[in-house]
Amino acid sequence: MKIAVFSARPYDRRFLDEAHQCADLAEPAEFLYFDAFLDVHTAALAQDCAAVCVFVNDRLDAPVLHALHALGVRAILLRCAGFNNVDLATAGQRGFFVARVPAYSPEAVAEHALALVMTLNRHTHRAYNRVREGNFMLDGLLGRTLHGKTVGIVGTGKIGLATARIFKGMGCTVLGHDPYPSPDFPPIGTFVALEELLARADIVSLHCPLTPDTHHLINATSLAQMKPGAMLVNTSRGGLVDTQAVIGALKARQLGHLAIDVYEQESALFFQDWSGEIIDDDAFQRLMTFPNVLVTGHQGFFTAEALQEISAITLGNLDDFARGRACANRVVAA
Ligand code: NAI
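If you're wondering where the values come from, they're calculated on a predicted model, not measured in any experiment. (Residues numbered from 1 in each chain as written. Predicted model: local features only at pLDDT ≥ 70, side-chain atom pairs only at ≥ 80, totals over all residues. Heavy atoms only, no water.)

Trainee: Explain the overall build of the protein to me, please; I cannot follow it from the model alone.
Mentor: Along the backbone of the protein there are eleven helices and twelve strands. Relative to its length of 334 residues, the protein is compact, with a C-alpha radius of gyration of 21 Å against a globular reference of 20 Å. Going through the 334 residues of the protein one by one, you find that 49% of them count as buried. As presented, the protein carries roughly 15,700 Å² of accessible surface, and 54% of it is formed by carbon and sulfur atoms. Looking at the protein, you have 27 positive and 35 negative side-chain charges, and the mean spots of the two groups are 6 Å apart. (Helix = DSSP H or I, 4+ residues; strand = E, 2+ residues; numbered from the N terminus. Rg over C-alpha atoms; globule rule 2.2 N^0.38 Å. Buried < 20%, exposed > 50% of the residue type's maximum accessible area, 1.4 Å probe, protein only. Areas by Shrake-Rupley, 256 points an atom, 1.4 Å probe, with all protein chains shown as cover. Lys, Arg positive; Asp, Glu negative; His and termini not counted. Charge placed at Lys NZ, Arg CZ, Asp CG, Glu CD.)

Listed below in structure tokens is the structure:
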């Protein structure tokens, strides 16, 4: 069975090929790897393929789904947990099999959230450069002790829980907000309303999915409700945060620090090398001018262990499709 793998980086090829060697599939897979993102212009690359294998910034809107269907594609295999980039209603109408990887080392993302917080709080990125230049001055590197601070976790699912456990272990008070409260959270922290979480937390970390309800969950109003000088961390999806509102809150000194691994307009930037080019995204470039902003390019998931799991689960989903059997990771429109 031919599978068109979009947004395929060398590490995707390596881990998918390694997992394929160990997998016991109904039908061997023949992966066709494409660097390109999937969109209306590149959908034709999936000619003769039964499935496409895609990542976070591939676009599976109605025109793309219609084009894929016309080419004979019947399965969409997401190499990620989020599925906000798939028009599920259209996919359902066209009878597509859509499956995701719901969990792959939630700790990998939680640990990255911690790395962002620690870097920004203790300025280790600046210290690294200073010391290499022979500058051992401490001015400008002042941080805050996290022990005893309050951390608010928005979305207490798998990654939110893993993040909550880490901060609890560091001696922080942990608050959580989730419309579907997990029974695993109360031993770690206290559920509160979002407004209370924003008002009390020194660090607010976002771990809920991007849906129409959560789009711009962090906006001018919610930023004004945050404790002055607090840190906002987003390792979930860029659309949760209104970038212009965040820029305003940083300029007003209301928001103390911003650490993001995801960005609203990331599909035009991330997973590509623009180092020799002029970047046209003025909002992103404005963010880059703040000393209290740290951005990484959607690498929260990026550990060897997580990539092994993503590949193995993706092949399992493919096998469920090939055998026509029930798939626990199938995604359908609500
Ligand atoms: P999950 O499904 O286990 O947990 C999500 C939680 O958010 C659920 O408990 C849900 O009830 C809650 N939620 C839904 N609406 C909410 C709202 N309005 N307010 C607060 N909570 C709400 O998902 P998981 O595995 O923890 O992943 C969370 C997100 O992390 C994913 O949706 C994905 O966007 C992102 N992610 C980012 C990665 C990265 O590399 N940066 C890698 C993997 C996931």
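Trainee: I tried to follow the UniProt feature "domain: D-isomer specific 2-hydroxyacid dehydrogenase NAD-binding" (unreviewed entry) in the protein on my own but got confused; where do I start?
Mentor: If you check UniProt for "domain: D-isomer specific 2-hydroxyacid dehydrogenase NAD-binding" (unreviewed entry), the listed places come out as residues 114-300 in our numbering. Counted over residues 114-300, helix gives 32% and strand 16%. Its end C-alpha atoms are 10 Å apart. (UniProt positions renumbered as here; feature names shortened; annotations may be inferred.)

Trainee: Quick question: what am I supposed to make of the environment of alanine 89 here?
Mentor: In this fold, alanine 89 is placed in helix α3 (residues 88-93). On the accessibility criterion, alanine 89 (40% relative accessible area) is partly exposed. As a C-alpha pair, alanine 89 and leucine 60 span 29 residues in sequence and 11 Å in three-dimensional space.

Trainee: Looking at this structure, how should I read the site of the ligand?
Mentor: Looking at the ligand, there are 24 residues lining it, with Lys158, Ile159, Asp178, Thr235 and Phe301 nearest. Take isoleucine 159: an N or O atom from its main chain is 2.8 Å from an oxygen atom of the ligand. Computed on the free molecule, the ligand has an accessible area of 870 Å², of which 86% lies beneath the protein chains in the complex. By residue class, the composition of the shell around the ligand is ten nonpolar, ten polar and four charged. (Near = heavy atom within 4 Å. Polar contact = N/O pair within 3.5 Å; in protein donor to acceptor, adjacent residues only side chain to side chain. Nonpolar A, V, L, I, M, F, W, Y, C, P; charged D, E, K, R; others polar.)

Trainee: What's the story with the side chain of threonine 163 in this structure? I'm lost.
Mentor: Here threonine 163 shows up in helix α6 (residues 158-169). In this structure threonine 163 touches Ala110, Ile153, Ser205 and His207, once residues within four positions along its chain are discounted. (Contact = heavy atoms within 4.5 Å.)

Trainee: How should the sheet that holds strand β5 (residues 97-99) be read in this particular structure?
Mentor: For sheets, the rule is that strands pair by backbone hydrogen bonds, running either parallel or antiparallel. In space, the five strands of this open sheet follow the order β2-β1-β3-β4-β5, with parallel pairing throughout. Among the strands making up the open sheet, the edge pair consists of β2 (30-33) and β5. Going across the sheet, the axis of each strand differs from the next one's by a mean of 20 degrees, ignoring polarity. Note: strand β3 (residues 51-54) against strand β4 (residues 75-78), four bridges, orientation parallel. By the bridge assignment, valine 54 is partnered in β4 with leucine 78. Helix α1 (residues 10-22) rests against β1 (2-5) and β2 of the sheet, and its axis sits at about 175 degrees to β2. Sheet strands touched by helix α11 (residues 304-323): β1, β2, β3, β4 and β5. Its angle to β4, the strand with the most contacts, is close to 165 degrees. (Pairing = 2+ DSSP bridges. Axes fitted to C-alpha atoms, helices over the stretch in contact; angles between N-to-C directions.)

Trainee: Sorry, what's going on with α6 here?
Mentor: In an α-helix, one turn spans 3.6 residues, which is why side chains three or four residues apart end up on the same side. With twelve residues, α6 extends 17 Å from end C-alpha to end C-alpha; this agrees with the ideal 16 Å at 1.5 Å per step. Within α6, burial applies to Gly160, Leu161, Ala162, Thr163, Ala164 and Phe167. Looking at the buried positions of α6, the neighbouring elements they touch are α4 (106-122), β6 (150-154), β7 (173-177) and β9 (203-206). Looking one or two places after α6, you find glycine 171, whose phi comes out positive at around 90 degrees. (Expected span 1.5 Å × (residues − 1).)

Trainee: Is there a simple way to think about helix α2 (residues 62-71) in this case?
Mentor: Considered for burial, the residues of α2 that qualify are Val64, Leu65, Leu68 and His69. Buried residues along α2 cover an arc of 135 degrees about the axis, so they all sit on one side. As for α2, its buried residues are in contact with β3, β4 and α3. Just past α2, the residue glycine 72 takes up positive phi, approximately 100 degrees. (Arc of directions from axis to C-beta.)

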